[in-house]
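Coordinate inspection notes
Here is what each chain is made of, one letter per residue.
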Amino acid sequence: MNILVTAGPTREPIDPVRFISNRSSGKMGYEIAAAFAHAGHAVLLVSGHTALDVPDGVDFLPVDTAASMHEAVAHHIGRMQIAVFTAAVADYTPLAVAPEKLKKSADTLTLELVKTPDILGTARSSFGFDGTLVGFAAETENLEANARAKLTRKGCDLVIANDVSKPGIGFDSNHNEVMLVYPERTEFLPLASKHDLAHQLVQAILELHLSTRM
Ligand code: C5P
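The rules behind these values
By convention here, each chain's residues receive numbers from 1 onward along its written sequence. A pLDDT threshold of at least 70 governs which residues receive local features in this predicted model, and a stricter bar of 80 or more applies before side-chain atom pairs are shown or counted, although totals over entire chains, interfaces and linings include all residues. Only hydrogens and water are removed before side-chain values are computed, so all heavy atoms of the structure are retained for them. Think of it this way: DSSP has to see at least two bridges between two strands before they count as a pair. Helix and strand labels come from DSSP, where a helix needs a run of H or I of at least four residues and a strand needs a run of E of at least two; each type is numbered from the N terminus. Between the N-to-C directions of two axes lies an angle of 0 to 180 degrees, each axis being a line fitted to C-alpha atoms and, for a helix, fitted only over the stretch in contact. Any residue under 20% of the maximum accessible area for its type is buried, any over 50% is exposed, and the rest in between are partly exposed; the area is computed with a 1.4 Å probe on protein chains only. The directions from the helix axis to the C-beta atoms form the arc being described. Every residue pair with non-hydrogen atoms within 4.5 Å of one another is taken to be in contact. Distance and chemistry together define a polar contact, namely a pair of N or O atoms within 3.5 Å, with one atom able to donate a hydrogen and the other to accept it when in protein, and with adjacent residues in sequence counting only for side-chain atoms on both sides.

Quick look at the sheet that holds strand S10 (residues 158-163)
- Taking strand neighbours across the sheet as the criterion, the eight strands line up as S5-S4-S1-S6-S9-S10-S11-S12 in an open arrangement whose pairing is mixed. Lying at the two open borders of the sheet, with one neighbouring strand each, are strand S5 (58-62) and strand S12 (186-193). For this sheet the average axis-to-axis angle between neighbouring strands, irrespective of direction, equals 20°.
- As defined by bridge partners, S10 adjoins strand S11 (residues 175-181) across three bridges and the pair is classed as antiparallel.

Dropping the structure here:
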């Protein structure tokens with residue numbers, strides 16, 4: 001099957017040398033891409049900047065901003081059977097990029113930000129994607145309720161949720177524990193390395209794909 005995975009943080013430029021980004025390491029997405037490839041699938045990994053090596057056997061499309069990730073997904077999602085959105089996409093981007101490096105002057109500086117496209121949230125409506133759609137939810141409170149709201153709002157078949165306020169898991173860590181939120185049930189996958197968890201997640205996503213297409 002053809003599988004799309006988005007991963008890593010986006011970078012939203014402020015001026016030629018500065019950007020707004022986040023703490024996503026990209027590890028979970030890269031492990032998921034690697035596990036799909038290991039299971040014999042054709043994987044396209046659309047990724048923001050990370051310090052990671054591209055997994056063996058995975059097609060790689062590097063991107064920078066939320067807008068460029070949106071464009072890459074729009075271009076490729078049509079031939080995918082499964083799309084897994086692990087990327088930590090910036091929700092807002094500077095309205096304008098300063099053409100020269102901003103100089104220090106006043107004591108305060110106000111940046112005007114505008115919303116970025118919700119790539120996962122428009123996968124069904126804008127791109128007409130009718131394959132298996134999997135999103136991630138990084139939450140600091142009300143994990144299951146927030147993930148379930150996201151599942152409905154973004155038209156997902158599954159949302160994989162993790163509590164980023166818990167020390168030692170999630171962002172930048174090699175470990176994670178996640179909740180699998182399906183339309184009619186919730187499952188919990190206990191603490192494991194992102195490598196091992198990725199194999200469990202890929203298994204769950206492939207089973208979901210087959211069960212919804214029988
Ligand atoms: O709404 P929130 O950012 O919490 O949703 C997270 C999910 O949506 C993740 O799967 C993320 O990759 C995806 N997302 C996206 N485009 C955005 C924001 C989030 O694809 N602009």
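What to know about helix H3 (residues 143-153)
- Residues of H3 that are buried: Leu143, Ala147, Lys150 and Leu151. Looking down the long axis of H3, one finds its buried residues gathered within 105° of arc, a one-sided arrangement. Seen from the open side of H3, the exposed residues pointing more than 90 degrees away from its buried face are Ala145, Thr152 and Arg153.
- Close packing links the buried residues of H3 with strand S9 (132-139), S10 and S11.
- Just downstream of H3 lies Gly155, where phi reads positive at about 65°.

What about the side chain of His41?
- The residue His41 is located in the loop between helix H1 (27-38) and strand S4 (42-47) in this model.
- Within the local environment of His41, its side chain forms a polar contact with the backbone nitrogen of Met1, the two atoms lying 3.2 Å apart.
- Excluding residues that lie within four positions of it along the chain, His41 makes contacts with Met1, Ile3, Phe36 and Leu206.

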